[in-house]
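# A structural walkthrough
Residues per chain, in single letters:
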Amino acid sequence: QVQLVESGGGLVQAGGSLRLSCAASGGIFRNYAMGWYRQAPGKQRELVAGITSGGSTNYADSVKGRFTISRDNAKNTVYLRMNSLKPEDTAVYYCNARFEVEGVIRTQYWGQGTQVTVSS
């Protein structure tokens, strides 16, 4: 069982920056692909950024060039650096960990979420 705890959310003005952290425990962190998702009121949860166990990254088009995902396997933590924030980035951000075998998700876990609010 993997536990994920997010932190770093808050209220920021448009154009500002935040760094989200997700600390994992209970599993072998380096074996998991990690991701950040977000869900705004009335909208579906969407992938923001992902990083594989090997360090490859992918981003939603809406955040490319502004957000950076990274991981520190020594600290069992994944980060999301968010720059040039826009009001439309306002959402609850969730950390996700998934263990895949040959491209098939075997298990996945979610954090409790952290609120990010960007004021205009």
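To start, this report covers the structure provided alongside it. (Residues numbered from 1 in each chain as written. Predicted model: local features only at pLDDT ≥ 70, side-chain atom pairs only at ≥ 80, totals over all residues. Heavy atoms only, no water.)

## Regarding the packing of aromatic side chains
Geometrically, a pair of aromatic rings is defined through the distance of the ring centres and the angle of the planes. Heads up, the condition is: Pairing of aromatic rings covers Phe, Tyr and Trp, the last counted by its six-membered ring, and requires centre-to-centre distances within 6.5 Å; plane angles under 30 degrees mean stacked, over 60 mean edge-to-face, and any other angle means tilted. Numbering of helices and strands starts at the N terminus; helices are DSSP runs of H or I of at least 4 residues and strands are runs of E of at least 2. Categorising residues by exposure relies on relative accessible area from a 1.4 Å probe, with only protein chains included: less than 20% of the type maximum marks a residue as buried, more than 50% marks it as exposed, and the intermediate range marks it as partly exposed. Counted as over-ring charges are cases with an Arg CZ or a Lys NZ within 6 Å of the ring centre that also lie within 35 degrees of the ring normal.
Summed over the entire model, instances satisfying the criterion amount to 3 aromatic pairs. Ring plane angle 55° and centroid distance 5.9 Å describe the contact between Y32 and F99, whose orientation is recorded as tilted. Here Y32, found in the loop between β3 (18–25) and β4 (33–39), pairs with F99, found in strand β9 (residues 91–101); they are 67 residues apart in sequence, far enough to count as distant. For F99, a relative accessible area of 30% puts it in the partly exposed group. Each ring, one from Y37 and one from W110, has its centre 4.9 Å from the other, and the planes form 65°; the classification is edge-to-face. One end of the pair, Y37, is in strand β4; the other, W110, is in strand β10 (residues 104–110), with 73 residues separating them in the sequence. Judged by relative accessible area, which is 18%, Y37 ranks as buried. The rings of Y32, F99 and Y109 are connected pair by pair, giving a single aromatic cluster. The ring of Y94 is capped by R45, whose NZ or CZ atom sits 3.7 Å from the centre of that ring.

## Considerations on the state of the cysteines
Which entries qualify depends on this criterion: In plain terms, two cysteine sulfur atoms within 2.5 Å form what is called a disulfide here.
Inspection of the entire model under this criterion finds 1 disulfide. Across the disulfide, C22 is cross-linked to C95 (sulfur-sulfur distance 2.1 Å). Across the S-S bond linking C22 and C95, the dihedral sits near -85°, which makes this disulfide left-handed. Highlighted residues: C22 in strand β3 and C95 in strand β9, separated in sequence by 73 residues.

## Remarks on the pattern of salt bridges
The condition is simple: In the sections that follow, a salt bridge refers to a side-chain nitrogen of Lys or Arg positioned within 4 Å of a carboxyl oxygen of Asp or Glu.
If you walk through the whole model with that rule in mind, you get 5 salt bridges. For E46, the salt bridge identified is with R38, shortest N-O distance 2.7 Å. The class for R38 is buried, based on a relative accessible area of 6%. The shortest N-O distance in the salt bridge between R38 and D89 comes to 2.9 Å. Here R38 is found in strand β4, whereas its partner D89 is found in the loop between β8 (77–82) and β9, with 51 residues between them in sequence. The burial state of R38 is the same as that of D89; both residues are buried. Through salt bridges with shared partners, a single ionic network connects R38, E46, R66 and D89.

As far as function goes, none of this settles anything; it's purely spatial.
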